[in-house]
Amino acid sequence: ENRDVRETQLIFKAPHPMNLVAPHLMVELRSAGFIEICGDLEQEHGDILETLDVYFADRFAAQRIDGHEDFCDRYYQAGEEVFKGASGSLESNFGLLCTNVCDQITQWEGWSLVACNASNYGAEGRHSEQQMIFRRDYHPLGDSKYLQVILNALGNIEVNGKHVKEIHSKLDGFLRHRWGCERAGQFSEGDGDQKTICRRYSWNVEDLNMLRATADVVTFFELQGWEIQVASQQQVLEDGTWCREQQLLFRPGRTEVGTIEPHVFVELYAGEGDPEFFNDEEHTQVLANQKLRIRGIGPGSDRGKKSPELVTAMEEFATFVTSYLGGEQAAGLSGEEEYNCNVFLCRGKFENNLAQWTMRLCDWMVDRLGWSFIVSSLCNMGEFGQNRLQQVIFRYDGDKRALPVSKSVNPAQESLDPSRFPDYWDFEEVLEQREVQRVKPCKMEEKEALQELVDHTFKRVLTRDRVPDDDAEDDEDMPFRIEVVQAFRSEHAWLNNQLCESMEAAEFADFEVKTSGIETLLSGRLAPGQHYMYHGTNPSSAMSILKTGFVLDHAGSATGTMFGAGIYMAECSSKSDEYGRDDGGNTYPSLHAMLVCKCFVGTPFVTDTSGDHVGDAKEGNFHCICGDRESKVGTYREFVFFDERQVYPEYAIIYRRQYDKTKVPPDMVSPTTGTTGRYWQMKLGKEWKNVPPEVNKVLLQAMKDEETEVTITFNDKDYIFNLVEKKGTNTRTGNKVPLRAPMVR
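Per chain, the residues get numbers from 1 upward, laid out in the order the sequence is written. Under the rules for a predicted model, residues below a pLDDT of 70 receive no local features and side-chain atom pairs below 80 are neither given nor counted, while totals for whole chains, interfaces and linings still include all residues. To get the side-chain values, all heavy atoms of the structure are used, and hydrogens and water are removed first.

Chemist: Explain the nonpolar core to me, using residue names and the numbers behind them.
Modeler: Counting residues in each nonpolar core, the largest one holds 37 residues, and the members touching the most others are Leu450, Leu453, Leu522, Tyr532, Val596, Tyr651 and Ile653. Each helix corresponds to a stretch of at least 4 residues labelled H or I by DSSP, and each strand to a stretch of at least 2 residues labelled E; elements are numbered beginning at the N terminus. Contributions of two or more residues to this core are made by helix 9 (444–456), strand 25 (481–492), helix 10 (493–503), strand 26 (530–537), strand 28 (592–600) and strand 32 (647–658). In these notes, a set of buried Ala, Val, Leu, Ile, Met, Phe, Trp, Tyr and Cys residues joined through side-chain atoms within 4.5 Å is what counts as a nonpolar core. In this scheme, a residue with accessible area under 20% of its type's maximum is buried, one over 50% is exposed, and one in between is partly exposed, where area comes from a 1.4 Å probe on protein chains only.

Chemist: Outline the pattern of salt bridges, listing residues and values.
Modeler: By salt bridge we mean one thing: a side-chain nitrogen of Lys or Arg within 4 Å of a carboxyl oxygen of Asp or Glu. Here the structure, examined in full by the defined rule, presents 51 salt bridges. Glu50 is the salt-bridge partner of Arg74, the closest N and O atoms lying 3.3 Å from each other. Placement of Arg74 in strand 4 (residues 74–77) and of Glu50 in helix 1 (residues 47–59) is noted, with a sequence separation of 24 residues between them. Given a relative accessible area of 9%, Arg74 falls into the buried group. With a relative accessible area of 42%, Glu50 lands in the partly exposed category. Between Asp426 and Arg489 there is a salt bridge, with the nearest N and O atoms lying 3.4 Å from each other. Here Asp426, found in the loop between strand 22 (387–395) and helix 8 (428–431), pairs with Arg489, found in strand 25; they are 63 residues apart in sequence, far enough to count as distant.

Chemist: If you had to explain the environment of Phe187 to someone new, which residues and values would you point to?
Modeler: Here Phe187 shows up in strand 9 (residues 182–189). Judged by relative accessible area, Phe187 falls into the partly exposed class, the value being 22%. For this analysis, residues touch if any pair of their heavy atoms sits within 4.5 Å. In contact with Phe187, not counting residues within four places along its chain, are Leu90, Glu91, Ser92, Asn93, Leu96, Thr196, Ile197 and Cys198.

Chemist: Just give me the short version of the packing of helix 3 (residues 167–178) against helix 4 (residues 210–223), but keep the residues and values in it.
Modeler: As a packed pair, helix 3 and helix 4 sit with axes 11 Å apart at the nearest point and diverge in direction by 135°. Between helix 3 and helix 4, the interaxial angle falls into the category oblique. The handedness of the crossing between helix 3 and helix 4 comes out as right-handed. Judged by residue contacts, Ile167, Lys170, Leu171 and Phe174 of helix 3 engage Asp216, Phe220 and Phe221 from helix 4. Side-chain classes are defined by residue name, with Ala, Val, Leu, Ile, Met, Phe, Trp, Tyr, Cys and Pro counting as nonpolar, Asp, Glu, Lys and Arg as charged, and the others, Gly among them, as polar. The residue makeup of the contact of helix 3 with helix 4, split by class, is 5 nonpolar, no polar and 2 charged. For every element, the axis is a line fit to its C-alpha atoms; helices are fit only across the contacting stretch, and the angle between N-to-C directions ranges from 0 to 180 degrees. Relative orientations are named as follows: roughly parallel for angles under 35 degrees, roughly antiparallel for angles over 145 degrees, roughly perpendicular for angles from 65 to 115 degrees, and oblique for any other angle. The sense of a crossing depends on the near helix, which, turned anticlockwise from the far helix by less than a right angle, makes the crossing left-handed and, turned clockwise, makes it right-handed.

Chemist: Lay out the packing of helix 1 against helix 2 (residues 94–105) with the relevant residues and their values.
Modeler: Geometry of a packed helix pair, given as the angle between the helix axes and the separation of the axes. With their axes 12 Å apart at the nearest point, helix 1 and helix 2 run at an angle of 150° to one another. For the crossing formed where helix 1 meets helix 2, the hand is right-handed. Here helix 1 contributes Leu52, Tyr55, Phe56 and Arg59 to the contact with helix 2, which in turn contributes Leu96, Leu97, Asn100, Val101, Gln104 and Ile105.

Chemist: How would you explain helix 1 if you had to name every residue and give the values?
Modeler: Here helix 1 contains 13 residues, and its C-alpha end-to-end distance of 18 Å stays within 8% of the 18 Å for a straight helix at 1.5 Å per residue. Every buried residue of helix 1 is accounted for by Ile48, Leu49, Leu52, Asp53, Tyr55 and Phe56. Backbone geometry just after helix 1 places Ala61 at a positive phi near 50°. Expected span of a helix: the number of residues minus one, times 1.5 Å.

Chemist: Which residues make up the sheet that holds strand 8 (residues 156–161), and what are the values?
Modeler: Strand pairing is assigned whenever DSSP detects at least two bridges linking the two strands. Ordered by their spatial adjacency, 6 strands build an open sheet running 9-10-8-7-12-11, and the pairing between neighbours is antiparallel. Since the sheet does not close on itself, it has two edges, and those belong to strand 9 and strand 11 (226–238), each with one partner. Mean inter-strand twist for the sheet, computed between neighbouring axes without regard to direction, equals 15°. One ladder, built from 6 bridges, connects strand 7 (residues 147–152) with strand 12 (residues 241–252); its direction is antiparallel. Counterpart to Gln148 in the pairing with strand 12 is Leu249.

Chemist: Report on the packing of aromatic side chains, specifying residues and quantitative values.
Modeler: Two rings from Phe, Tyr or Trp (for Trp, the six-membered ring) form a pair when their centres sit within 6.5 Å of each other. Planes less than 30 degrees apart are called stacked, planes more than 60 degrees apart edge-to-face, and all others tilted. This model, assessed by the stated rule, comprises 26 aromatic pairs. Considering the side-chain rings of Phe221 and Phe250, the 3.9 Å spacing of their centres and the 10° angle between planes classify their relative orientation as stacked. You can see Phe221 sitting in helix 4 and its partner Phe250 sitting in strand 12, a full 29 residues away along the chain. For Phe221, a relative accessible area of 0% corresponds to the buried category. A ring pair is formed by Phe421 and Trp425, whose centres lie 5.4 Å apart and whose planes are at 20°; its orientation type is stacked. Trp425 carries the same exposure label as Phe421, and that label is buried. Linked through ring pairs, Phe174, Trp179, Trp203, Phe220, Phe221, Trp226 and Phe250 together constitute an aromatic cluster. Any Lys NZ or Arg CZ that is within 6 Å of a ring centre and within 35 degrees of that ring's normal is treated as a charge sitting over the ring. In this structure, Lys440 packs its charged tip against the face of Phe427, placed 5.8 Å from the ring centre. The cationic tip of Arg525 hangs over the ring face of Tyr424; the distance from NZ or CZ to the ring centre is 3.9 Å.

Set out below in structure tokens:
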């Protein structure tokens, strides 16, 4: 009756290798004056807690309290007057302090905010509480600052964060001129670049459509080049009234281009029930007034247009609701679709099946349609939280990717010659042949050796196989370096034995390969005729291939077969990076994968022309094919293996692309050669330059939709691109620049 039952919703995604090693940290702030920290930190992250001791002592005048070690790693009491004002009051600085904590922790390399939830509690809801969960996932936005926006059903809006890229001024204009809000107060804390602003607004709105308000705010930030990171919603008590509140946190992206990525916002409302049955823990009731609502935004939605991705998503959502939930479309508000259904059940106050249908929806959007899951949040409304509403946000990040295929089963275990096992293997289960394979995170010295190897073989040479990267700087086609974030080593008895068997009685001459041009810890692990080579893929597929090896039957299914059917490997890490991908679905975004394989190269059949050369190579008793485009056009050499036994995938590297030249060794800073042919270009002076990646994405979509003209805003200026006349016009100055269409579409 006092709404004192606490509930936390946890959603886990499909397995990812980084989950084996990525540390998490939870910080819980309570405006009553207490701070709690829990983490799964390894020894290498041990100084984080000591750093937080210093930070909270300085920023919160906090003192550590002993005696709580059984359930948390740190417990602090903040100084007096650090937390100001009651929850929801104009004087409250709670949101400002939460944003400050986010900015502090994400200054540490690789850390980002992955989840948060808030509530208020105590007499008349005076106190606020916020849980923030951080993870070291090397998010592509790095240490970008957070901006928090809180929307309240009573018409109160709160904005907290640093004044990055004039965002407070721009948002102020949007809220006051587009929504008709009025300023209700402002204060700031901190000085210089640590100054954090809190602004309050009042909004004269009745029966707030939170779904629309959320979509409109995300649209505004998308047009500024910002991205939504996390969101949560909850019931809060303000001025004696329980109301729904939405919390959204954004960060600035890498571009100033005003484009809107396709998003869909879905609400599942489980409905209302009979109070008598809510007190009955034995009987199940079908709730009344069940609804599902969906609203989408995308390129041109601010001008009333609906992108093809949104049209497909809306159609598929309708199929999901009508076919699987037995729902019927109802009259919805402008810009959204609404459905009635009767699938949500409840037993007692708290047991229900809303989560089940939420996950079915997520599976449909992610697995069937290829959209990325961004965030989900639950709001319990009603007298004791019995009326449940679930909000889920998805984003479209491009077509579903074709991924390499691995075998579905391990080979039958057989007795193997133990003398063939490398002397650096560690797993007794494999060495004693009780298990076929085990995988372990690499030691630091192995990671350093792998980094040396990929650095030595990285060339800033472009080919048409390199696709545009959303994380790239506007003037860079490819990174300056790929940085090894984590690596895993596979000890696979059967695949190692296969490699040894493929070399038996083989005659070959020495053949020079770039990976063997540097001495590292790994160099002594190769037999004559063997070389380490690379294969770009995504993290989950990399771990699968470590387990089972490559499948020759599926060779080229993801990337083509320029020199004939086989397993394609590269001697340059920059070539394999062209095929590196993240796992998609917003799971560890921008962490790509590359396999480092021990390969028996022997004597290859060398050719500089495309075509099926497998027959000639086999007939000439060559061990593989070397497709040499380096000597002919200055790009790369690729190696094609038509005997899968010759390729032992030993390492999986999880890496990120580094586009900041100030963060790489000086000798790796060099201009690119070659071209991808995938960009629209504009002529600036006498030179042709690629348009920014976000502009290119819009122009490619316009070509796909057969549009002749498109207007794009970036750097606060409007440009009209005529795709037929191939001219770009600055609408303010009238200046025109010639355009050139991409060679590869």
